[in-house]
Amino acid sequence: MNINRQFLRLLIITLLCTVANDGFAESRMTVTSPNGRLSAEITLEKGKVYFNICSGQHTLLEPSHLAMRLADGTVLGENVKTFKTKKSSGITSKKSAFYTKDAVNLPYNRLLMSAGKYSLEVVAYDDGVAYRWHTMMPDSITISDEINEFSFSSDCMVWETPVNSDEKELDKQTTVSFENDYYHRRISELNPNLLIQAPILVELPHGQKLLISDYNTLDYPGMFLLPADGNSLRSYYAQYPATEFHGGYAMRQLRVGERAPFIARTAGTRAFPWKIFIVADSDTDLLATDVPFCLANDNCLGDVSWVKPGKVAWEWWSDWNVKGVDFTVGVNTQTYKYWIDFAARNGIEYVIMDEGWSVPLKSDLTQIIHEIDLPEIIRYGKSKGVGIILWAGFYAFARDIDGVVDHFADLGAAGFKIDFIDRNDQKAYQFIEKAARACARRKMVIDFHGIFAPVGFNYTFPNVLNFEGVLGLERAKFLPANEYDQVRIDCILPFIRTVVGPMDYTQGAMNNTSRGNYFPRNNNPMSQGTRCRQLAEYVIFISPLSMLCDSPDQYTRNQQCADFIARIPTVWDETRILGGEIGEWVAEARRKGDTWYIGGITNWTERDVELDLSWLSGRSMSIYTDGVNAARNAEDYKFSTCTVPAKLKVHLAPGGGFAAVVNN
């Protein structure tokens, strides 16, 4: 990423837009949102910088200390006597072929506070605020730590995702899969010895909610959170890996040995990641925000017309399990040709070859098991119009990024699913950028798995179509019911996880179970909740590369449902929020071209919802709804066609959902 160019561009824009009354601040500087709803205030107290956010008469974030410590003893944000301030206003206008709408135009106000060789930037939108540091120093700099405190007036309830780690030492907890459940509890109830993944959602005393995350993270570690003194949270960063070694699960990872006494070594002149605060008066406001998209760096790859979002047929979840064929199924050429034939018949753009096609424990992707004729599989896929995406372990890919990319690009592969990264330190972020650039050079796409949430990276590198960073459906193969409530998790994800970017959730199960009937199994696994829930998740969840997790014969036996999945787009021109409450239910509508797709899901509570579809009234609709017996047989559903009413009334079974297509 050319960070210097981005920073110079910011300075030029700021100078052009400087208001007439710029000058030197004393101890208090404020920037308000364009509609006046929000205000962010920077105060200087005893030489330290504090940041707070207000909405009307309510203080959302109490004065909270922020600073950045450099290894040479310089501390950004401490021993400050004054800032030179510049205010500007503008509109963030962005277009993307890989977002939930085709264009965004969002007004903002900006405050830039300079103190010699560094500055602090604060930007205010109508539904969110963000700040970040800038440095203007020669050569490289070393960051010892970044301090971000988030203080509240009371012991607020929060929605948090702790890391799934049994390690006692905090720094060892930073090596994780980034897959865990959400917990709803007070700040005082948080475990002070267990890291929390960003983003986190805070419920404020007067009813508003505040989502906090880092964002636009490049060449820098990702942010964790910890409870701090009083009603506060604080940031925590993984220290820089001084040594790394090949190991981990099935020898697929690049693990950290020793860590250096700093978090990052980076360019001296650059913009650092944002800390974002999304302010929601209602839960559905979280679904509608465009602030994160606006804060992401623009596409840095140039022409990306070659990047093709779409669906991908996936074999790992079903354990390569098909029946009614005259060959032995498994990780072999015949099985993959069978998957390719299914994808071609249904207009599915890709097939993933997940783990198993290369020789295990060798960490050399060019060593392929004898049952696989990879050139033939790729050739056959191309002849059918189906691209092949290859699974790769972190170490096997990282050991020779350019060599791996060139080798498989020459064979004609469409891209990679890179797995088991399980870190978010600076070197992990440097790896994903190197991988994205190398794949873009050969016009290949990426799905990052076993990784943190994307926090804007996919908008800067549009060939990265998806990130995991979520407790998704794949865990249904392993976790018992008393440890795993996917139905509940599904109704939380849209309000927190997908706010910061798309997720590789891997929906599409055709074996569906009602409450009490689920149990984990590797072969022929099942989902929790109804069939219509699985269909609705293609609308609700944001995934430019959406998987069909089940086997071809399952979809063939359920062709009506397969037709809906095959037809649905994965990127959108417009999104409308129809209703919802975090942890309870959600309904959304998304448009591609002239066609609308509508979906809704509920938790285990059976409910009737009424949705305003007046803007579609009179058009033709096909709709999948939970059947009358879906509460006991989750695969029961009803398909019907009708004219769209102004108010759509839908019954959702426990763990249920609905999905609809509206045409002209």
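As the structure is a prediction and not an experimental result, all values here were calculated from the model.

A. Layout of the overall build of the protein. When you go through the protein residue by residue, the secondary structure sums to 13 helices and 37 strands. Against the compact-globule benchmark of 26 Å for 664 residues, the protein has a radius of gyration of 25 Å, which places it among compact chains. Dimensions of the protein along its principal axes, counting C-alpha atoms only, are 80 × 60 × 45 Å. Across the 664 residues of the protein, 64% fall into the buried class. Put simply, 71% of the contacts in the protein that link residues at least 6 apart link residues at least 24 apart.

B. Expanded view of the sheet that holds strand 25 (residues 445–448). Pairing is parallel across the open sheet formed by seven strands, whose spatial order is 26-25-24-23-22-21-29. Strands with a single pairing partner mark the edges of an open sheet, and in this sheet they are strand 26 (464–467) and strand 29 (545–548). Within this sheet the neighbouring strands show an average axis-to-axis angle of 25°, counted without direction. Examined bridge by bridge, strand 24 (residues 415–419) and strand 25 share four bridges and lie parallel to one another.

C. View of the sheet that holds strand 37 (residues 657–663). Pairing within the open sheet is antiparallel, and its six strands lie in the order 30-31-32-37-34-35. Two strands bound the open sheet, and with one partner strand each, they are strand 30 (574–581) and strand 35 (637–643). Pairwise comparison of adjacent strand axes, ignoring direction, gives a mean angle of 10° for this sheet. Here strand 31 (residues 585–592) pairs with strand 32 (residues 595–602) via eight bridges, running antiparallel. Each bridged residue has a counterpart across the sheet, and for Arg591 the counterpart in strand 32 is Trp596. Set on the sheet, helix 13 (residues 559–567) makes contact with strand 32, strand 34 (620–626), strand 35 and strand 37; between it and strand 37 the angle comes to about 60°.

D. Fine view of the pattern of salt bridges. Enumeration over the complete set of coordinates arrives at 39 salt bridges. Residues Asp181 and Arg488 are paired through a salt bridge, measuring 3.0 Å at the closest nitrogen-oxygen approach. Of this pair, Asp181 sits in the loop between strand 11 (157–162) and strand 12 (183–186) while Arg488 sits in helix 10 (residues 486–490), placing them 307 residues apart in sequence. Of the charged contacts in the structure, one is a salt bridge between Lys592 and Asp573, with a shortest N-O distance of 3.6 Å. Residue Lys592 is located in strand 31, and its partner Asp573 is located in the loop between helix 13 and strand 30; the two are separated by 19 residues in the primary sequence. Judged by relative accessible area, which is 18%, Asp573 ranks as buried.

Calculation criteria
Residues numbered from 1 in each chain as written. Predicted model: local features only at pLDDT ≥ 70, side-chain atom pairs only at ≥ 80, totals over all residues. Heavy atoms only, no water. Helix = DSSP H or I, 4+ residues; strand = E, 2+ residues; numbered from the N terminus. Rg over C-alpha atoms; globule rule 2.2 N^0.38 Å. Buried < 20%, exposed > 50% of the residue type's maximum accessible area, 1.4 Å probe, protein only. Contact = heavy atoms within 4.5 Å. Pairing = 2+ DSSP bridges. Axes fitted to C-alpha atoms, helices over the stretch in contact; angles between N-to-C directions. Salt bridge = Lys/Arg side-chain N within 4 Å of Asp/Glu carboxyl O.

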